[in-house]
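Fold and geometry: a report
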Amino acid sequence: TNIKLFDTLVPTRQSGSNMAIRLLFCGKAAQANSVAIELADLGFFTSAVFFPVVAQDQAAIRITLRADMDPELIRQFCELVKVLISKHGGNIAD
């Protein structure tokens with residue numbers, strides 16, 4: 001399934017869950033906002049979440065995968081999100 005593919009490419013705290021929602025932690029709210037804006041500019045709708053939705057300084061990108069997404073698109077998105085989070089000073093492994 002798409003969520004299993006995503007979990008193999010970008011491990012998150014939600015990996016293994018059957019829910020399609022994942023949080024990609026970025027650090028500060030400004031970092032999450034910047035990543036979400038760049039993803040939107042590239043055609044990927046995500047949302048930045050930050051305190052009080054998540055713990056202070058644990059801002060994240062909230063994504064929801066769709067069942068009709070092509071596996072190649074998921075791979076491209078995963079590579080892109082890793083690059084953007086790193087570019088903005090975050091560490092996707094956190």
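In short, a report on the structure. Model, not experiment: these values are computed from the prediction. (Residues numbered from 1 in each chain as written. Predicted model: local features only at pLDDT ≥ 70, side-chain atom pairs only at ≥ 80, totals over all residues. Heavy atoms only, no water.)

Observations concerning the sheet that holds strand β1 (residues 21-27)
Applied cut-off: Paired strands, in this sense, are two strands between which DSSP finds at least two bridges. A run of H or I in DSSP counts as a helix once it spans at least four residues, and a run of E counts as a strand once it spans at least two, with each numbered from the N terminus. Helix axes use the C-alpha atoms of the stretch in contact, all axes being lines fitted to C-alpha atoms, and the angles between their N-to-C directions lie in the range 0 to 180 degrees.
In space, the 3 strands of this open sheet follow the order β1-β3-β2, with antiparallel pairing throughout. Lying at the two open borders of the sheet, with one neighbouring strand each, are β1 and β2 (47-49). Put simply, the sheet's adjacent strands are angled 30° from each other on average, direction ignored. The pairing of β2 with strand β3 (residues 59-64) spans 3 bridges and is classified as antiparallel.

Remarks on the side chain of Arg22
Cut-off, in case you're wondering: Buried means the residue's accessible area, taken with a 1.4 Å probe over protein chains only, is under 20% of the maximum for its type, while exposed means over 50%, and partly exposed covers the values in between. Each polar contact in these results corresponds to two N or O atoms within 3.5 Å; when the atoms are within protein, one needs to be able to donate a hydrogen and the other to accept it, and residues that are neighboring in sequence are counted only if both atoms are side-chain atoms. We call two residues in contact when some of their heavy atoms are within 4.5 Å.
Structurally, the position occupied by Arg22 is in strand β1. Classification of Arg22 by relative accessible area gives buried; the value is 0%. Polar contacts involving the side chain of Arg22 include one to the side chain of Asp7, which spans 2.9 Å. In this view, Arg22 contacts Ile3, Phe6, Asp7, Thr12, Gln14, Ser15, Gly16, Ser17, Ile61, Arg62 and Ile63; residues no more than four positions away in its chain are not counted.

Considerations on the environment of Leu5
Tracing the chain through its elements places Leu5 in helix α1 (residues 2-9). With relative accessibility at 18%, the residue Leu5 sits in the buried group. Each C-alpha atom of the pair Leu5 and Phe44 lies 18 Å from the other, and the pair is 39 residues apart in sequence. Here Leu5 is in contact with Pro71, Ile74 and Arg75, once residues within four sequence places are set aside.

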